[in-house]
Amino acid sequence: MSTELLSQEPATPSSPIHRIGVVGGGTMGSGIAEVCARAGLDTLVIEVDHAAVNNARAKIEQSLNKAVSRNKLAADTRDLALDSISFSTDLGDLADRDLAIEAVIESLEEKLSVFRAMDKVMSPTAIMATNTSSIPIITLGSITSRSDMVLGMHFFNPAPVQPLVELVRSLGTAPETMERADHFVVEVLGKQVIRCRDRAGFVVNRLLVPYLLDAIRMFDEGKVSAADIDSGMMHGCGHPMGPLSLCDLIGLDTVEAVADVLYEEFKGSHNAPPPLLRRMVAAGHLGRKTGRGFYEYG
């Protein structure tokens, strides 16, 4: 056994997390990377190719500049954040990270592939987290050599604005990993944490998604417009955004994927994706990211 491994100190709940990896630079990945960089952390974003790297960089720069223009962020903090972010197309560059957060598409196969690769290159004391909305954490942890160091770290969109992070403990996750992640998210990132068990949808999506699906079914009946459904929930229930606008923001493909996982686990008809949702996804009408969903976007 090498001297380096013998001398390596075990991680404790107070072990610092300074170097962050984010795998995936899409809407959620770029937002998570921005949150970490705003906290002054050494943040590395991994993407599949240079075009995706450029897209991720542009998303982060645009978001930071918008925050400055709206007086939500100081210009020097933006500059510090930009200096704190680097990009790569090589998962091997995660070798020196204290924490890696997987934020690729909501596909089990894609996530399993990422976790296998991360497990091979990362330090044995590094935490591996997933931003999945619904996939069982134990499924991802069990294909690694460190299920005790794997947990769910579910941010909400847009990550720089939304205060909540769900921390999800699987049957394999060690209590020390949860404590270390909790300390990092609350004390370093300044987010609000709720803890939950490893069940499909966790807390928020298990409650939210059936509500969204009911709104889609109501719209599909043709008796009320999308705008009136959204207005009713905003002005009648005090929601900041109506359910169909929220579907467009989340992405209809993501709503469908989460609904599929919820239905597979609980078999309740209220979790089944409505036919209209299936057809909109098949047509590529995914919401804001494609310019068309329940509404059209310029």
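Everything here concerns the structure above.
Model, not experiment: these values are computed from the prediction.

J.: When you look at the sheet that holds strand S2 (residues 42-46) in this model, what are you seeing that I'm missing?
T.: Backbone-to-backbone hydrogen bonds join strands into a sheet, with any given pair of strands oriented parallel or antiparallel. Spatial ordering of the open sheet is given by S3-S2-S1-S4-S5-S6-S7-S8, a layout of eight strands whose pairing is mixed. With one partner strand each, in any of the chains shown, strand S3 (85-88) and strand S8 (192-197) form the two edges of the open sheet. Each adjacent strand pair in this sheet contributes to an overall mean axis angle of 25°, direction not counted. Where strand S6 (residues 150-155) lies against strand S7 (residues 164-169), four bridges are found, and the strand directions are antiparallel. Across the sheet, residue His154 finds its bridge partner in S7, namely Glu166. Running at roughly 175° to S7, helix H7 (residues 175-188) makes contact with strand S1 (19-23), strand S4 (99-102), strand S5 (127-130), S6, S7 and S8 of the sheet.

J.: Is there a simple way to explain helix H9 (residues 226-237) in this structure?
T.: The periodicity of an α-helix, 3.6 residues per turn, causes residues three or four places apart in sequence to face the same way. The end-to-end C-alpha distance of H9, which contains twelve residues, comes to 16 Å, matching closely the 16 Å that a straight helix rising 1.5 Å per residue would cover. All buried positions along H9 are accounted for by Ala226, Ile229 and Asp230. End-on, the buried residues of H9 take up no more than an arc of 95°, which puts them together on one face. Of the residues in H9, the exposed ones pointing more than 90 degrees away from the buried face are Asp228, His235 and Gly236. Residues of H9 that are buried sit in contact with helix H8 (204-220) and helix H10 (243-250). With its phi angle positive at about 75°, Gly238 sits one or two positions after the end of H9.

J.: Teacher, can you tell me more about the environment of Val165 here?
T.: As for its placement among the helices and strands, Val165 is situated in strand S7. The spatial distance from the C-alpha of Val165 to the C-alpha of Asp182 is 9.5 Å, given a sequence separation of 17 residues.

J.: Hey, could you run me through the side chain of Glu47 in this one?
T.: When you line up the elements, Glu47 lands in the loop between S2 and helix H3 (50-69). It is Lys59 that comes nearest to the buried, bridge-free Glu47 among opposite-charge side chains, at 6.8 Å. One polar contact links the side chain of Glu47 to the main-chain amide nitrogen of Gly25, over a distance of 2.8 Å. Filtering out sequence-adjacent residues up to four positions away, Glu47 remains in contact with Gly24, Gly25, Gly26, Ala52, Val53, Ser88 and Thr89.

J.: Sorry, what's going on with unusual backbone geometry here?
T.: With glycine set apart, most residues show a phi of negative sign, and most peptide bonds adopt trans. The omega torsion of the bond from Asn157 to Pro158 falls at 0°, within 30 degrees of zero and hence cis. Relative to the assigned elements, Pro158 resides in the loop between S6 and S7. Although it is not a glycine, Asn71 sits at a positive phi angle of roughly 60°. Within the fold, Asn71 resides in the loop between H3 and helix H4 (75-84). Its relative accessible area of 72% is what places Asn71 among the exposed residues. Its identity as a non-glycine residue notwithstanding, Phe202 has a phi of 55°, on the positive side.

Analysis parameters
- Residues numbered from 1 in each chain as written.
- Predicted model: local features only at pLDDT ≥ 70, side-chain atom pairs only at ≥ 80, totals over all residues.
- Heavy atoms only, no water.
- Pairing = 2+ DSSP bridges.
- Helix = DSSP H or I, 4+ residues; strand = E, 2+ residues; numbered from the N terminus.
- Axes fitted to C-alpha atoms, helices over the stretch in contact; angles between N-to-C directions.
- Contact = heavy atoms within 4.5 Å.
- Expected span 1.5 Å × (residues − 1).
- Buried < 20%, exposed > 50% of the residue type's maximum accessible area, 1.4 Å probe, protein only.
- Arc of directions from axis to C-beta.
- Lys, Arg positive; Asp, Glu negative; His and termini not counted.
- Salt bridge = Lys/Arg side-chain N within 4 Å of Asp/Glu carboxyl O.
- Polar contact = N/O pair within 3.5 Å; in protein donor to acceptor, adjacent residues only side chain to side chain.

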